[in-house]
Amino acid sequence: MASDRRCEHTQRQLSAAFDGEPTGAPAREHLDSCPRCSAFRLELGRLRAVLREDAAVPSGALERTTAAVMAAIPDASPIRHAPRPAGTAKRVGAVVIALAATAAALTASTAGAGADLADRLAAAQRRLTSFAAEVTVVEHGIAHTGRLEYHAPERFDLQLGDRRVVIADATAWYSGPDGASATVGRAPASRSWVAPAEVVLPVSAAVVRAGGPRVRHVVHDGEAAIAVTTTVAGAGPILNGLRPGPGWRPLHPTDRVELFLDPTWLTPLEVDVQAAGSVDRLRWAKRLGLPEHAGARITRIVLSGARHGTTPLGTAGPPPLPAPPPPAGAAVVDEGFRATDAATGLTPRWLPAGFTPYRFGTLPSQGGTPIAVATYTDGAAWISVRTIHTWRATRLFGIDGAPVRPLRLGSGVGYVTDDGNAVALHAPGWDSVVTGSVGTAELVAVAESLAEQPEAVPASWPEAAASTIGSLRQADPTALVPRAGRTSDAAVTTGAAITEIAVSRGTTTFTLSQARGDTTPRWPTGNETRPVTVRATTGSWSPDTGELVWTEGARLRRLQSDTLGLSDLLRVAADLRPAAS
Amino acid sequence: MHEPDPLTVRRAADGDAAAFESLVRAYAAPMQRYLHHLVGDAHAAEELAQEAYLRAYRRLHTFRHDARFSTWLFRIARNAAFDARRGDQRRARREQRAAAAAPAFVPDQAPLGVELNAALAALSRPLRDAMVTVEVLGYGYRDAAEVLGVPEGTVKSRVFTARRQLVAWLHADDAPASAPNEPASPPVHDVAVAAHEER
């Protein structure tokens with residue numbers, strides 16, 4: 001005990017002396033004989049060196065800060081200013097004046113950008129008919145340069161070094177140093193390749209909801225821009241679209257993405273990826289032999305010299321883009337789409353303004369009648385209705401088992417997927433799914449206008465247990481639910497043994513499963529499972545599987561996400577509240 | 001920490017934008033580092049820096065020109081960070097608890113900076129503020145006390161306590177291994193710190 005007091009006294013003296021305070025000299029004999037105090041003295045210098053040198057300043061941060069502050073000063077409303085000398089305005093300089101004007105214009109044109117950017121991007125998809133830009137992708141210090149051309153709604157040609165991706169109507173192909181592959185018989189708006197509109201106008205990366213990406217006005221490379229901060233998981237379509245084929249460096253789903261958008265067109269100017277700093281991310285990088293430190297910029301994509309087109313395209317569809325055939329020797333897959341002159345399935349009685357029929361056809365189905373495909377476009381955005389008359393599976397058609405929430409459609413029932421990108425319908429004799437690059441509300445309106453009334457799915461189908469957060473107040477009052485504001489679009493399943501809530505909004509994508517009457521700890525089975533404190537109890541976390549498991553109120557609770565790290569999931573867990581509250 | 005030409009500060013206070021810009025540029029780097037260490041996020045720090053400068057611009061007329069400009073500015077910055085964190089104190093405590101578990105799982109070859117940032121995040125707010133103000137800005141206790149709005153002795157005590165905790169965490173690997181299922185210890189509570197502060 002006496003030794004502890006001696007150590008504390010000595011270390012207090014060392015600390016104060018290290019900061020230049022007058023203090024009595026620590027007893028030399030104690031310092032020489034005490035390893036703890038000796039180590040403390042050594043660490044003082046190491047801590048200071050690291051703290052003063054380590055805080056990485058993001059690339060361009062100082063310039064951005066200065067420019068943003070100076071641009072905002074005219075609106076900063078100082079309480080008292082002496083009259084400005086006549087010559088002062090000139091000394092401020094044209095740059096500041098221009099930035100201020102730009103910022104003011106930007107503020108006016110994008111008021112509430114954080115809240116409505118996704119809607120504005122969706123609207124921009126309705127007016128941008130073509131886009132071309134030079135593209136540079138920098139990774140591992142190597143720059144890959146090339147050119148991107150896009151014609152709405154889904155023609156795409158990206159040449160980047162010795163890689164090339166071409167999408168043109170029913171054909172899509174890739175060629176690169178690793179080989180070539182091609183798809184023929186490609187259905188309109190097929191998701192099997194890059195979604196061109198998502199590269200040019202990255203709607204999903206900019207979906208702003210609670211916990212989603214941050215949006216702000218900035219000055220980027222001396223020009224006004226809109227900056228969206230999200231993660232690799234949230235920016236997947238644009239990152240995959242601009243880094244075609246294999247061979248690119250791996251990115252962790254939680255790595256930070258800075259997406260800079262043109263403030264007028266909302267097309268991308270630059271995409272920066274920075275290494276996240278979580279322990280799990282460090283372990284992941286170590287396993288892969290990646291040497292970067294937290295905050296390091298690991299991928300940079302710049303689009304320059306952009307040209308935008310808004311030429312109305314009418315009903316005839318976009319003008320043909322010269323589409324070279326797939327390279328000889330490419331491995332070819334036939335998706336099976338065959339064009340027809342008219343729709344063979346259900347058609348909507350309502351479409352958003354400007355939408356007209358685009359392409360009709362059929363796709364094969366396993367053992368049943370063909371799937372009827374009807375697509376519509378306004379020359380930029382698209383909507384697809386797929387219908388099958390002999391659906392034999394016992395789950396909803398066209399959504400691959402995605403979680404859904406039920407929705408009243410007229411006098412019938414429809415089901416919206418948790419990401420809001422599809423509306424699935426069922427009725428005796430037909431099943432249908434409505435998808436598109438427009439907003440969920442418009443997809444729902446299109447679904448509601450189909451010629452037939454949909455019904456609830458049979459009780460034996462998994463979607464029969466689909467519910468809403470609000471219904472849990474009676475159905476499962478001890479279930480925990482995400483806080484208000486995140487829940488309106490959640491897909492809820494209330495089964496006999498488990499309640500499952502799926503939330504998918506931008507980067508905030510997770511599933512919360514809660515067993516009924518099951519308190520047996522079943523820890524995750526990942527390789528690096530470890531205990532963590534969650535909601536004031538000890539739970540378990542597996543970075544391999546993205547699972548956070550704990551027992552609370554005699555129920556086993558499990559949060560799983562492929563896109564959120566531990567700290568994010570702990571925040572989600574901490575915000576949960578009982579359904580009955 | 002260097003101090004600007006008093007004439008520049010006066011001109012900025014009189015509405016000279018060019019003078020204010022020179023002040024912004026002069027402190028941009030230490031401001032970014034200071035806020036980064038206070039809030040643990042480089043991008044949040046960037047936004048807070050903008051907020052701090054705008055607050056400073058609005059309040060320049062209140063600056064007493066016989067005082068040190070840098071401590072006045074960094075006190076505004078610290079308050080901006082404090083306001084941002086106060087918005088959801090419960091969340092901050094949860095983050096502290098979450099971060100408290102982190103140092104024990106830092107890979108063996110993780111850079112010291114990463115390890116230290118995790119340990120810094122686990123410090124209580126008063127300890128972290130004091131430690132960052134002294135170490136990152138290089139202030140003595142008197143100036144740091146002015147920035148933090150606490151007595152000089154409190155700064156001294158908090159910096160010492162912060163250093164002891166950081167050194168203990170950094171040396172955690174040298175200690176006997178704890179039981180694999182043992183939950184991480186919570187961070188030292190502010191109350192416990194306050195009891196040992198010298199006034």
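First things first, this report covers the structure right here in the doc. (Residues numbered from 1 in each chain as written. Chains lettered and ligands numbered in written order. Predicted model: local features only at pLDDT ≥ 70, side-chain atom pairs only at ≥ 80, totals over all residues. Heavy atoms only, no water.)

## Structural notes on the environment of Gly241(A)
All names here are of chain A.
Then, number 1: Take Gly241: it is sitting in helix H9 (residues 236-242).
Then, number 2: With relative accessibility at 3%, the residue Gly241 sits in the buried group.
Then, number 3: Along the backbone, Gly241 and Val165 are 76 residues apart, and their C-alpha atoms lie at a distance of 9.0 Å.
Then, number 4: Residue contacts for Gly241: discarding those within four places in its chain leaves Phe156, Leu158, Val194 and Val199. (Helix = DSSP H or I, 4+ residues; strand = E, 2+ residues; numbered from the N terminus. Buried < 20%, exposed > 50% of the residue type's maximum accessible area, 1.4 Å probe, protein only. Contact = heavy atoms within 4.5 Å.)

## Section: the packing of helix H2 (residues 17-39) of chain B against helix H3 (residues 42-59) of chain B
Residues and elements named next belong to chain B.
Then, number 1: With their axes 8 Å apart at the nearest point, H2 and H3 run at an angle of 135° to one another. With respect to H3, the element H2 is oriented oblique. As for how H2 packs across H3, the hand of that crossing is right-handed. Residues Phe20, Val24, Tyr27, Ala28, Met31, Gln32, Leu35, His36 and Val39 of H2 form the contact with H3, whose participating residues are Ala42, Ala44, Ala45, Glu46, Leu48, Ala49, Ala52, Tyr53 and Tyr57.
Then, number 2: Of the residues belonging to the contact of H2 with H3, the class tally is 15 nonpolar, 2 polar and 1 charged. (Axes fitted to C-alpha atoms, helices over the stretch in contact; angles between N-to-C directions. Parallel < 35°, antiparallel > 145°, perpendicular 65-115°, else oblique. Left-handed = near helix turned anticlockwise from the far one by under 90°. Nonpolar A, V, L, I, M, F, W, Y, C, P; charged D, E, K, R; others polar.)

## Things to note about the sheet that holds strand S13 (residues 338-340) of chain A
All names here are of chain A.
Then, number 1: Reading across the sheet, the 8 strands line up as S13-S14-S15-S16-S20-S19-S18-S17 and stay open at both edges, with antiparallel pairing between neighbours. The two strands at the open ends of the sheet, each matched to only one other strand, are S13 and strand S17 (404-409). Within this sheet the neighbouring strands show an average axis-to-axis angle of 25°, counted without direction. (Pairing = 2+ DSSP bridges.)

## Looking at the pattern of salt bridges
Then, number 1: Applying the stated rule across the entire model yields 26 salt bridges over all chains.
Then, number 2: In this structure, Arg297(A) and Asp272(A) form a salt bridge, with 2.9 Å as the shortest nitrogen-oxygen distance. Placement of Arg297(A) in strand S11 (residues 297-309) and of Asp272(A) in strand S10 (residues 268-274) is noted, with a sequence separation of 25 residues between them.
Then, number 3: Taking relative accessible area as the criterion, Arg297(A) reaches 36% and is therefore assigned partly exposed.
Then, number 4: Beyond isolated ion pairs, a larger network of salt bridges with shared partners links Asp19(A), Arg48(A), Glu135(B) and Arg163(B). (Salt bridge = Lys/Arg side-chain N within 4 Å of Asp/Glu carboxyl O.)

## Observations regarding unusual backbone geometry
Residue and element names in this part refer to chain A.
Then, number 1: Residue Leu266 is not a glycine yet carries a positive backbone phi of 70°.
Then, number 2: A relative accessible area of 1% means that Leu266 is categorised as buried.
Then, number 3: One non-glycine residue, Arg535, adopts positive backbone phi at about 50°.
Then, number 4: Considering the arrangement of structural elements, one finds Arg535 in the loop between strand S26 (530-534) and strand S27 (537-542).

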